[in-house]
Amino acid sequence: VEDEMDLAEVFIEFFSSENIFIQHFKSGFDLLVSKEIFDVYFIDYRMPKMNGDELAWQLPDKPKYLITGELDLEEITFKFKDIIGKPYAINKIHS
């Protein structure tokens, strides 16, 4: 879930090149409305209407990674599997 398309393209291109299916949503609301369930979630923190932390609590019990460029870690209440900084480190996404 990433509201900035240029940043979402990094994920889309990377996972597509690895032959891994990826579905992009521009907002947490769009993902929730879809009712789709995935094996793993990459969630941007700062998005309009609902931040990544708020979204994570509403998703199924699957691995979730938080994506952020700026964040006071004390703001996070959900236990994410890991935090990926912006700009993205492809090697961190790959692992």
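For the structure, check the block above.
Quantities reported herein were computed from a predicted structural model and do not represent experimental measurements. (Residues numbered from 1 in each chain as written. Predicted model: local features only at pLDDT ≥ 70, side-chain atom pairs only at ≥ 80, totals over all residues. Heavy atoms only, no water.)

A. Expanded view of the sheet that holds strand β1 (residues 41-44). Strand order in the open sheet formed by 3 strands is β1-β2-β3, with parallel pairing between adjacent strands. Bordering the open sheet on either side are β1 and β3 (82-85), each of which pairs with just one other strand. Between one strand and the next, the sheet's axes are offset by a mean angle of 30°, whatever the strand orientation. Relative to strand β2 (residues 64-68), β1 runs parallel, the two being bridged by 4 bridges. Following the sheet pairing, Tyr41 is matched in β2 by Lys64. (Pairing = 2+ DSSP bridges. Helix = DSSP H or I, 4+ residues; strand = E, 2+ residues; numbered from the N terminus. Axes fitted to C-alpha atoms, helices over the stretch in contact; angles between N-to-C directions.)

B. Structural context of unusual backbone geometry. Located in the positive-phi region is Lys35, a residue other than glycine, with phi close to 60°. For Lys35, the location among the structural elements is in the loop between α2 (28-34) and β1. Although it is not a glycine, Lys49 sits at a positive phi angle of roughly 75°. Along the polypeptide, Lys49 turns up in the loop between β1 and α3 (52-56). In this structure Lys49 comes out as exposed when scored by relative accessible area, which is 87%. (Buried < 20%, exposed > 50% of the residue type's maximum accessible area, 1.4 Å probe, protein only.)

C. Examining helix α1 (residues 5-17) more closely. With 13 residues, α1 extends 18 Å from end C-alpha to end C-alpha; this agrees with the ideal 18 Å at 1.5 Å per step. Looking at α1, one finds that the buried residues are Leu7, Ala8, Phe11, Phe14 and Phe15. Here the buried residues of α1 occupy an arc of 130° about the axis, which is enough to place them on one side. Turned more than 90 degrees away from the buried face of α1, the exposed residues are Asp6, Glu13 and Ser17. Phi for Asn19, located one or two positions after α1, is positive at around 55°. (Expected span 1.5 Å × (residues − 1). Arc of directions from axis to C-beta.)

D. View of the side chain of Asp44. Mapped onto the secondary structure, Asp44 falls in strand β1. Look at Asp44 and you get buried, because its relative accessible area is 1%. Those residues in contact with Asp44 that lie beyond four places of it in its chain are Val1, Glu2, Asp3, Gly52, Leu66, Ile67 and Lys86. (Contact = heavy atoms within 4.5 Å.)

E. Local environment of the pairing of β2. The element β2 is extensively covered by neighbouring structure, given that 5 of its 5 residues are classed as buried. Side chains Lys64, Leu66 and Thr68 project from β2 onto one buried face, and the interleaved Tyr65 and Ile67 project onto a second face that is buried too. Strand direction decides the pairing type here: β2 and β3, joined by 4 bridges, are parallel. From the neighbouring strand, Tyr65 faces β3, where its bridge partner is Asp82.

So yeah, pure geometry; function would need other evidence.
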